[in-house]
Amino acid sequence: MIREVIDNAKRIVVKIGSNTLTSAEGRVDFDVVADICRQVNWLTEMGKEVILVSSGAKVTGAGLIGKWARYNDMCFKQALCAIGQINLLESYKKNFAKCDKLIAQLLLTREDFADDRRVLNIRNTLFTLLDERVIPIVNENDTVSIKELEIGDNDTLAARVAKLASAGVLIILSDIDGIFDKNPHKNLQAKFISKVDDIRKLRSEIEIDAPGSLGRGGIETKLHAAEMLQELGVPTIITNGKVKGVIEKLYNREKDGTLFM
């Protein structure tokens, strides 16, 4: 059904997590960035409008400055995001330029979604960019997001953006193939779940680990994002963004992903 979901979606939100963008050494894997850009261009050539929600600013900043000891210190984290965001966007800019695509950046906080006028302004900006065939790249504004203002994770941000933009599907690129009953990194007997209709029931049937060390998300935030959109009748797909050409392979039925309907 994944092919049909993508076919039926005019507008697609693609979310890329920090663990997806990160190499085994804890640095941003720019080959993954290049592959994601190529796949987004492929979607646009199919006539789709695509919005990217990209994590990775903090990891990029830490890799550039070479200091990991204070990685979770609030002030240092905000500084890392300020350093990393511009360099991460530069990589997106360079790779989309190969496809003759321009990019734009939107940095948002929870407060932006709580104000009707701001929501309208965000919608107008997004739709104008899409009309001009520019790729919007969205992230949380981590340099100003204190606890009271932060959205908290980019899975939730992606769901909010998908809702705001009236997207037809949210594709979450993770570091695993989809949802399993146990953590497949730790348990070789973990069973893959291809389709989910009842998220509440699923929660009671699977083991949910804590978020990874580099990002704030995890399985629970992905379930929450899918739940937000399921209430609106919008499907969510979770798949492995580290697999080269994974969106194309999903579409061609050459790769698995978990579909929430």
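Presented here is a report on the structure given in the accompanying data block. (Residues numbered from 1 in each chain as written. Predicted model: local features only at pLDDT ≥ 70, side-chain atom pairs only at ≥ 80, totals over all residues. Heavy atoms only, no water.)

1. Here we look at the sheet that holds strand β5 (residues 169-174)
- An order of β3-β4-β2-β1-β5-β9-β10-β8 is seen for the eight strands of this open sheet, with the pairing classed as mixed. Only two strands of the sheet have a single neighbouring strand rather than two, namely β3 (103-108) and β8 (195-196).
- Inspection of the sheet shows strand β1 (residues 11-16) paired to β5 by five bridges, in the parallel sense. Paired with Lys15 across the two strands is Ile172, which belongs to β5. (Pairing = 2+ DSSP bridges. Helix = DSSP H or I, 4+ residues; strand = E, 2+ residues; numbered from the N terminus.)

2. Digging into the pairing of strand β4 (residues 135-140)
- Burial analysis of β4 places six of its six residues in the buried class, which makes it a mostly covered element.
- Both faces of β4 are covered, namely the face carrying Ile135, Ile137 and Asn139 and the face carrying Pro136, Val138 and Glu140.
- Bridge analysis of strand β2 (residues 49-54) against β4 gives two bridges, and the strand direction is parallel. Across the sheet, the residue bridging to Val53 is Val138, located in β4.
- For β3 and β4, the ladder comprises six bridges, and the chain directions are parallel. The residue of β4 that forms the bridge with Gln105 is Ile137. (Buried < 20%, exposed > 50% of the residue type's maximum accessible area, 1.4 Å probe, protein only.)

3. Observations concerning helix α5 (residues 74-97)
- With 24 residues, α5 should cover 34 Å at 1.5 Å per step; its first-to-last C-alpha distance of 34 Å lies within 8% of that length.
- At Gly84, α5 shows its maximal bend, which comes to roughly 30°. (Expected span 1.5 Å × (residues − 1). Bend = angle between axes of the 7 residues up to and from the residue.)

4. Some points on the state of the cysteines
- Considering all chains together, one arrives at zero disulfides under this definition.
- For Cys37, which is in no disulfide, the shortest distance to another cysteine sulfur is to Cys99 and amounts to 7.2 Å.
- Its relative accessible area of 0% is what places Cys37 among the buried residues. (Disulfide = S-S within 2.5 Å.)

5. Regarding the pattern of salt bridges
- One pass over the full model with this rule turns up 14 salt bridges.
- Here Arg11 makes a salt bridge to Glu49, at a shortest N to O gap of 2.9 Å. Here the residue Arg11 occupies a position in strand β1, and Glu49 occupies one in strand β2, the gap between them amounting to 38 residues. Here the two residues Arg11 and Glu49 agree in accessibility, since each one is buried. (Salt bridge = Lys/Arg side-chain N within 4 Å of Asp/Glu carboxyl O.)

6. Details of the environment of Val134
- Locating Val134 in the fold gives a position in the loop between α7 (116-131) and β4.
- With a relative accessible area of 11%, Val134 lands in the buried category.
- Separated by 125 residues in sequence, Val134 and Leu259 have C-alpha atoms that sit 28 Å apart.

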